Amino acid sequence: MTPTAEPPATGPSAFLPRSFRVAAVHRETAETRTLELQPVDGRPAPAFVPGQFTMVYVFGVGEVPMSITGDPARDDRLVHTVRVVGAVSRAIAGLRRGAEIGIRGPFGRGWPLTEALGRDLIIVAGGVGLAPLRPVIYHVRAHRAAFGRVSVLYGARTPDELLYRRELARWRRDGAIDLQVTVDRASAGWTGLVGVPTLRLRQLTIDPARTLALTCGPEVMMRYAVRELEHCGLDAAQVHLSMERNMQCAVGLCGHCQFGPDFLCRSGPVLRADRVLPRLAIREL
Amino acid sequence: MDTLEPLLAAHPFARHLSAAHLHVLVGCARNVRFDAGQFVFREGERADAFYLIRDGCIALEVATPTTTLTMMTLGAGEVLGWSWLFPPYRWKFDARAVEPTRAIALDAQCLRTKSETDHDLGYELLKQFALMVEQRLHATRLQLLNAYDANG
């Protein structure tokens, strides 16, 4: 039931992009798009563990790491959500239906879904940090009885910067998970929560002994999320976070994504907080 | 006779209070409810109570000449209002129910008087409110950081 994927590729194929065609582009926010990609060769899309990433190659422009954001149960397409931060991500966000790109992977370690079985889950996401957690939510909703209480706290700067708004509305309506969406700055017409998502942690009913927490977002938010969760009785070892660094080879050879003793492309991007937290406060690391 | 004690005891604010202090609080408490859109209090009014929210949602707002800004929302298990603790005991913001909301209102004059005669109670209340102020200050700093804009 827990999604599985081949171990991170290390052979020559790990360096050879596979061609995918853009099947659909969805506008999430002014700077964010979600792309549905189908393999050009007609074979299934690669299996992945929620939290893993691929290297997305725009021919003639460059390659960047991107979290997989689709449903792990679907093998007909690969889904990525891209926020424009540089030349390659701008090129990806500008792709139209029918365009071809190259994909390597999936790579890295994903969220600990096997460990989460039978336990309560707290998911704290900030901004585009919801993207790598969306496959977890798909998986949990598809296997709802296998998990205890599931709380998702999602924050963004403004209502216009929330990802997956239709899905959020649907998830909140059907009540399968406890979803709380909050923004830093409310605009006219916003009737939801206002404030940072970490502040809401203390309002949850938490049984620390049976809870696992997953968080992804700006590093400063993740740091404080871990501290709040510790205040709620969790140990940092029960908290997992997804790190973003400059992955390039994606197979632990080039060292560009080194973070202390870890190459995040292989040891991460998902790491246990007790392992990574002391390093998060070190400047320039 | 039914009292508010079970409701009060169930609220996270009362988690660290002794039975004796809880009993004192019950003597200053009343049940309140607010309809969606109804103001709990307005800026400048006397801060004569604070509220333990049982369910619903309250927005803290500031009205400007052109619009109304929501600074934060408070929900079940949270505490609304600390201006009752400090002179001149006036609310600094508007508080408005976003949805039907139930709360326990605690009378400020009653608690201030009892805290003056029972400093242990006053100290416990101040500890609770200091913790809340620290959390809100921290949350406000996070909001000001605009962290979602930064890469990483």
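Structural data are supplied above this passage.
Residues numbered from 1 in each chain as written. Chains lettered and ligands numbered in written order. Predicted model: local features only at pLDDT ≥ 70, side-chain atom pairs only at ≥ 80, totals over all residues.

Draft legend 1. Region of the structure containing the overall build of chain A. Scanning chain A from N- to C-terminus turns up 7 helices and 15 strands. Rg of the C-alpha trace for chain A: 18 Å, near the compact-globule value of 19 Å for 285 residues, within the 12% margin. Along the first, second and third principal axes, the C-alpha atoms of chain A reach 50 × 45 × 40 Å. A buried classification covers 47% of the 285 residues belonging to chain A. (Helix = DSSP H or I, 4+ residues; strand = E, 2+ residues; numbered from the N terminus. Rg over C-alpha atoms; globule rule 2.2 N^0.38 Å. Buried ≥ 20, exposed ≤ 12 C-beta atoms within 10 Å, placed from the backbone.)

Draft legend 2. How the structure looks around the packing of helix α3 (residues 108–117) of chain B against helix α4 (residues 119–145) of chain B. All names here are of chain B. It is at 5 Å that the axes of α3 and α4 come closest, and there the two elements cross at 125°. Relative to α4, the element α3 lies oblique. Across from Leu111, Lys114 and Ser115 in α3, the residues of α4 making contact are Leu121, Gly122 and Leu125. Its residues assigned to classes, the contact of α3 with α4 shows 3 nonpolar, 2 polar and 1 charged. (Axes fitted to C-alpha atoms, helices over the stretch in contact; angles between N-to-C directions. Parallel < 35°, antiparallel > 145°, perpendicular 65-115°, else oblique. Contact = placed C-beta atoms within 7 Å. Nonpolar A, V, L, I, M, F, W, Y, C, P; charged D, E, K, R; others polar.)

Draft legend 3. The arrangement of unusual backbone geometry in detail. Geometrically, the link from Gly268 of chain A to Pro269 of chain A is a cis peptide bond, its omega value of 10° lying close to zero. For Pro269 of chain A, the location among the structural elements is in the loop between α6 (264–267) and β15 (270–272). Note that the residue after Pro87 of chain B, namely Pro88 of chain B, is joined by a cis bond; omega there is 10°. Of note, the phi angle at Tyr164 of chain A is positive, near 50°, even though the residue is not glycine. Note that Tyr164 of chain A resides in the loop between β8 (150–156) and α4 (165–174). Here the phi dihedral of Tyr89 of chain B falls at roughly 55°; this positive angle occurs in a residue that is not glycine. Following the sequence through the fold, Tyr89 of chain B ends up in the loop between β5 (79–80) and β6 (94–107). The partly exposed category is assigned to Tyr89 of chain B, around which 15 C-beta atoms lie within 10 Å.

This is a description of form; function is not addressed.
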